[in-house]
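As a plain string of letters, each chain reads:
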Amino acid sequence: MENSAIDPAFINPATARVAGGRTARSELDPAASPLIESFAARQCLEQRSAFAVFPTARPELLFHFGDPFRVRETEREPWRELPRATLLGPRRERYWQSAGPRIDWFLIQLSPLGCRRFLGRPLAAWWGADVALADLWGDLAADLHVRLATEPDFDRRWHIASETLGCLALDAGGDAEISRIGHRARAGELSSLADLACALGVGERRLRQRFAAEYGWGPKAFLNLMRFNRQMLDLHPLYDVARDELAEHFDQSHAIHEFRRFAGMTPGAYARIKAGGDALVVTGSREPA
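My aim in this report is to walk through the structure given alongside it, one point at a time. Note that this is a predicted model, so its numbers are computed, not measured.

Reading the values: the criteria
Residues numbered from 1 in each chain as written. Predicted model: local features only at pLDDT ≥ 70, side-chain atom pairs only at ≥ 80, totals over all residues. Heavy atoms only, no water. Salt bridge = Lys/Arg side-chain N within 4 Å of Asp/Glu carboxyl O. Helix = DSSP H or I, 4+ residues; strand = E, 2+ residues; numbered from the N terminus. Buried < 20%, exposed > 50% of the residue type's maximum accessible area, 1.4 Å probe, protein only. Core = buried A, V, L, I, M, F, W, Y, C linked by side-chain atoms within 4.5 Å. Contact = heavy atoms within 4.5 Å. Polar contact = N/O pair within 3.5 Å; in protein donor to acceptor, adjacent residues only side chain to side chain. Pairing = 2+ DSSP bridges.

Things to note about the pattern of salt bridges
- On inspection of all chains with the given rule, the structure shows 19 salt bridges.
- Residue Asp175 is joined to Arg210 by a salt bridge in which the shortest nitrogen-to-oxygen separation is 3.0 Å. One end of the pair, Asp175, is in the loop between helix 4 (154–166) and helix 5 (176–186); the other, Arg210, is in helix 7 (residues 204–215), with 35 residues separating them in the sequence.
- Arg210 sits in the buried class, given a relative accessible area of 12%.

Concerning the nonpolar core
- Leu61, Phe63, Phe106, Ile108 and Trp137 are the most contacted members of the largest nonpolar core, which totals 77 residues.
- Tallying contributions element by element places helix 8 (residues 219–235) first for this core, with 8 residues.
- Each residue touching Phe106, except ones within four places of it in the same chain, is listed here: Phe39, Ala40, Ala41, Leu61, Leu62, Phe63, Phe65, Leu148, Phe154, Arg157, Trp158 and Ala161.

Comments concerning the side chain of Arg186
- Relative to the helices and strands, Arg186 resides in helix 5.
- Arg186 sits in the buried class, given a relative accessible area of 6%.
- At a separation of 3.0 Å, a polar atom in the side chain of Arg186 contacts the main-chain carbonyl oxygen of Ala57.

Brief notes about the pairing of strand 9 (residues 85–88)
- Side chains of strand 9 alternate between two faces, with Ala85 and Leu87 and Thr86 and Leu88 buried alike.
- In this structure, strand 6 (residues 60–64) lies alongside strand 9, joined through 4 bridges in antiparallel fashion. Across the sheet, the residue bridging to Glu60 is Leu88, located in strand 9.
- For strand 9 and strand 12 (residues 130–132), the ladder comprises 3 bridges, and the chain directions are antiparallel. Its bridge partner lying in strand 12, Leu87 is registered against Val131.

Some details on the sheet that holds strand 13 (residues 283–288)
- Across the sheet, 5 strands lie side by side as 8-7-10-5-13; this open sheet has antiparallel pairing. The outermost strands of the open sheet, each flanked by one partner alone, are strand 8 (80–81) and strand 13.
- Taken together, the 2 bridges between strand 7 (residues 70–72) and strand 8 define a ladder with antiparallel strand orientation. Counterpart to Val71 in the pairing with strand 8 is Arg80.

Written out as structure tokens, the structure is:
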């Protein structure tokens, strides 16, 4: 089958650059920008395929309207079908997704503060979790899915989602300061433990405690993952990057090793896959499922 005109897109939080397709920043109000990182959608027809999804440390609210959407943690595990409205928790390791032949999904990526606000618990609570949104929101999840399903237009969908989330406040608390620091680390503004500790005005021990409480992961591991995410985006042909700097960075064997650890492939292999026209940013090559 041939793909339709609407293919996937994600926003790079470091640059706020939109890469083709259908993606938007939250426009709820200025206070909402720390809560929602992006909206994304994909609508197409293709043979059912499976692909590895790389870690990003972002919890996602997935609403799917096409054929079954399935996941598994390893290539050897059986597939499990996801509910139509699901919280996809962040992962520390690669996992696998499969969808098709009719693909139609809408995705909301939450920030750590968004986890507190819309899920009632910090990001630390959701690692590796796949939870039916009905278990968290009750009838609201089903109602929102129905409204999104009847409005296939991307702009209408993200307006509907914004309206619903704007009325939802399970917990407006959280460590706002550590979340802002994490956002700066995503963007590459803070790249070492010393940078993070200085920005917070605390010692490294207190830094580790606050990161563990909010993110469920230590600051060093978090920085490594953020660096990998930036490298991955830099290698994608849909993004404008300083390629000379990137080439110099990947001459370092430890950087290649780190990329391979998260992605299961070298930076060069990833770049070749994406150069072939694959618009999905956080995945490897596709295989029949």
